[in-house]
Amino acid sequence: MKITRQVRVGKVLVGGGAPIAIQSMSTFNPVDVSYAAAQINALGEAGADIVRMAVPNKQAAEALADLKKVTKVPLVADIHFDYRLALTAMESGIDALRINPGNIGKRENVIKVVSMAKEKQIPIRIGINAGSLPMHILKEHGGHPTAEGMVAGALEHVKILEEENFFDIVISVKATDVPMMVKANRMLSEKTIYPLHLGVTEAGTLYRGTIKSAIGIGTLLLDGIGDTIRVSLTDDPLKEVKAAKEILSSIGKQLYGPVMISCPTCGRTQVNLIKMAQIVEEKLQQFKKPIKVAVMGCPVNGPGEAREADFGIAGGKGCGLLFKKGKVIRSVPEEQLIDALMEEIEKFEKEGDI
Ligand code: SF4
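On a predicted model such as this, the values are computed, not experimentally measured, just so you know. (Residues numbered from 1 in each chain as written. Predicted model: local features only at pLDDT ≥ 70, side-chain atom pairs only at ≥ 80, totals over all residues. Heavy atoms only, no water.)

A common measure of how large an interface is: the accessible area buried when the components associate. Split by domain assignment, the chain resolves into domain 1 (5-249) and domain 2 (257-349). Averaged C-alpha coordinates put domain 1 and domain 2 at centres separated by 40 Å. (Domains from an automatic or database assignment.)

This is the structure we're talking about:
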């Protein structure tokens with residue numbers, strides 16, 4: 001893993017070898033304090049480390065102060081163009097800013113933002129999206145978005161902050177085109193020591209968006225690149241957090257409670273395994289320990305195929321098997337199979353013994 005310069009976003013460390021932080025974004029304006037707070041707290045419960053808020057105007061920037069009083073998850077104020085909103089957001093106690101210093105006008109505006117950010121130890125994320133590269137960058141890079149252009153755009157903003165001796169920087173270069181996003185982050189990682197926030201932007205709805213994000217973010221994480229991630233979905237942000245946790249679990253970076261493996265079923269299956277797997281997956285959410293649980297479709301091959309699982313069940317005709325680490329413990333009537341599995345896992349959660 002590439003070790004980057006560490007920054008602190010409230011209580012969360014980003015970069016420098018810290019665990020990869022999961023981010024999501026609230027769908028509420030901060031002025032809707034009670035709705036926004038309920039959503040932020042739910043995201044925190046679900047595993048979000050940091051939540052970003054769009055701050056479109058002064059009222060929103062001021063409302064962040066009320067929001068901070070009733071939420072525990074560090075908040076990032078997402079601001080476009082108006083440096084005064086950044087100042088108000090910082091006065092409201094925001095934990096980080098997402099603002100591009102090259103877009104806030106005169107140098108004196110940058111200085112005002114940077115001075116307060118330094119005083120309050122608030123990091124700034126620079127965010128470049130392929131779809132909104134400035135005209136001069138597009139002209140220099142063939143007239144259309146490229147990974148090279150995104151990196152050049154990001155580094156322009158970085159330079160402005162560095163000229164003011166500000167180094168608590170996080171950078172993101174996002175594109176909806178996965179290969180472009182991967183290339184841009186690889187290039188950027190070579191050129192900078194700042195932590196990188198990864199995401200495939202406008203990734204789409206749940207199914208497509210999760211796959212695109214998993215490929216883009218997952219590829220980079222496997223390269224050792226990336227300090228914080230957001231799966232962006234056209235869906236409930238709670239699903240973004242769930243998908244992010246799955247990505248981190250799948251590549252063995254960070255485990256969040258049990259991981260379920262299940263077979264695709266075949267002609268040997270004599271139970272409704274799809275339904276069984278859905279029920280088990282749902283029930284596993286109450287557990288915290290990072291164990292592997294298998295739900296398999298036949299007693300002949302199931303226990304062996306899922307040998308690496310800590311616990312598992314294999315459905316049969318009217319009767320199934322309960323197994324641990326590939327070894328069958330007992331056979332159980334089909335309708336009691338899931339309960340028997342849950343009892344074993346509950347016992348393990350309490351006693352810690354497989
Ligand atoms: Fe088929 Fe059994 Fe393998 Fe599932 S575990 S895919 S049912 S052979």
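Now for the sheet that holds strand S9 (residues 197-198). Taken in spatial order, the 8 strands make up an open sheet running S8-S7-S6-S5-S4-S3-S10-S9, and their pairing is parallel. In this open sheet, the two strands that pair with only one neighbour each are strand S8 (169-174) and S9. Pairing of strand S5 (residues 75-78) with strand S6 (residues 96-98) involves 3 bridges; the strand directions are parallel. From the neighbouring strand, Val76 faces S6, where its bridge partner is Ala96. (Pairing = 2+ DSSP bridges. Helix = DSSP H or I, 4+ residues; strand = E, 2+ residues; numbered from the N terminus.)

This next bit is on unusual backbone geometry. Here the phi dihedral of Phe81 falls at roughly 75°; this positive angle occurs in a residue that is not glycine. Considering the arrangement of structural elements, one finds Phe81 in the loop between S5 and helix H3 (83-91). Looking at Phe81, the relative accessible area reads 58%, which means it is exposed. We note that Gln121 has phi near 55°; this positive angle belongs to a residue other than glycine. (Buried < 20%, exposed > 50% of the residue type's maximum accessible area, 1.4 Å probe, protein only.)

Among the 5 residues that make up strand S4 (residues 50-54), 4 are buried, leaving the element largely enclosed by the rest of the structure. As a crossover connection, the stretch from strand S3 (residues 21-25) through helix H1 (residues 33-46) into S4 is right-handed. Two elements, S4 and S5, share 4 bridges in a ladder whose sense is parallel. Considered in S5, the bridge of Ala54 is made with Asp78. You can see the chain leave S4, run along helix H2 (residues 58-69) and come back into S5, and the turn it takes is right-handed. (Right-handed = clockwise from strand over helix to strand, strands pointing away.)

What follows concerns the UniProt feature "domain: IspG C-terminal" (unreviewed entry) in the chain. As annotated in UniProt, the feature "domain: IspG C-terminal" (unreviewed entry) corresponds to residues 260-347 in the numbering used here. With 31% helix and 28% strand, the stretch residues 260-347 has end C-alpha atoms that lie 18 Å from each other. (UniProt positions renumbered as here; feature names shortened; annotations may be inferred.)

The next point concerns the UniProt feature "binding site: [4Fe-4S] cluster" (unreviewed entry) in the chain. Mapped onto this numbering, the UniProt entry annotates "binding site: [4Fe-4S] cluster" (unreviewed entry) at Cys263, Cys266, Cys298 and Glu305. Judged by maximum C-alpha separation, these annotated positions cover 43 residues in sequence but sit close together in space, the widest gap being only 13.4 Å. Position of Cys263 relative to the elements: it lies in the loop between strand S11 (259-262) and helix H10 (273-284). Dropping the residues within four chain positions of it, Cys263 is found in contact with Leu273, Val295, Met296 and Gly297. On the secondary structure map, Glu305 appears in helix H11 (residues 302-305). (Contact = heavy atoms within 4.5 Å.)

Turning our attention to the sheet that holds strand S12 (residues 292-296). With mixed pairing, 5 strands are arranged side by side in an open sheet as S11-S12-S13-S14-S15. Each having just a single partner strand, S11 and strand S15 (327-333) make up the two edges of the open sheet. Each strand axis lies, on average, 20° off the axis of its neighbour in the sheet, ignoring direction. Of the strand pairs in this sheet, strand S13 (residues 311-314) and strand S14 (residues 319-324) are connected by 4 bridges, and their pairing is antiparallel. Its bridge partner being in S14, Phe311 is matched across the sheet by Lys324. (Axes fitted to C-alpha atoms, helices over the stretch in contact; angles between N-to-C directions.)

Quick look at a nonpolar patch on the surface now. Together, Tyr207, Ile211 and Ile215 give the surface a local cluster of nonpolar side chains, amounting to about 360 Å² of exposed area. Tracing the sequence through the fold places Ile211 in helix H8 (residues 206-222). On the accessibility criterion, Ile211 (42% relative accessible area) is partly exposed. (Patch = residues over 30% accessible without salt bridge, like charges linked within 9 Å, V, L, I, M, F, W, Y side chains within 5 Å. Areas by Shrake-Rupley, 256 points an atom, 1.4 Å probe, with all protein chains shown as cover. Salt bridge = Lys/Arg side-chain N within 4 Å of Asp/Glu carboxyl O.)

In this section: the site of the ligand. As a matter of local geometry, the ligand sits amid Cys263, Cys266, Arg268, Thr269, Met296, Gly297, Cys298, Asn301, Gly302 and Glu305. Looking at the shell around the ligand residue by residue, the classes come out as 4 nonpolar, 4 polar and 2 charged. (Near = heavy atom within 4 Å. Nonpolar A, V, L, I, M, F, W, Y, C, P; charged D, E, K, R; others polar.)

Below, the discussion takes up the nonpolar core. With 76 residues, the main nonpolar core has Ile79, Met90, Ile94, Leu97, Val113 and Met150 as its most contacted residues. Here this core gets 7 residues from one element, more than from any other, and that element is helix H6 (residues 147-163). Residues in contact with Val113, not counting those within four places in the same chain, are Tyr83, Ala86, Leu87, Met90, Leu97, Ile104 and Ile124. Grouped together as the second largest cluster of nonpolar side chains are 29 residues, Leu273, Ala277, Ala294 and Met296 included. (Core = buried A, V, L, I, M, F, W, Y, C linked by side-chain atoms within 4.5 Å.)

Moving on to the packing of aromatic side chains. The tally for this structure, following the rule as stated, stands at 2 aromatic pairs. Geometrically, the ring pair formed by Phe28 and Tyr35 is stacked, given 5.7 Å between the ring centres and 20° between the ring planes. For Tyr35, a relative accessible area of 55% translates into the label exposed. (Phe/Tyr/Trp six-rings, centres within 6.5 Å; stacked < 30°, edge-to-face > 60°.)

Further remarks concern the pairing of S15. Bridge count between S14 and S15: 6 bridges; the pairing is antiparallel. Counterpart to Gly320 in the pairing with S15 is Val332. Turn length for the S14-S15 hairpin, with the two strands adjacent in sequence and antiparallel, is 2 residues, and the turn residue Lys325 shows positive phi of about 50°.

So, about H8. Between the first and last C-alpha of H8 there are 23 Å, a value that for 17 residues agrees with the 24 Å anticipated at 1.5 Å per step. Looking at H8, one finds that the buried residues are Gly209, Lys212, Ser213, Gly216, Ile217, Gly218, Leu220 and Leu221. Remark: Gly224 follows H8 within two positions and exhibits a positive phi of approximately 85°. (Expected span 1.5 Å × (residues − 1).)

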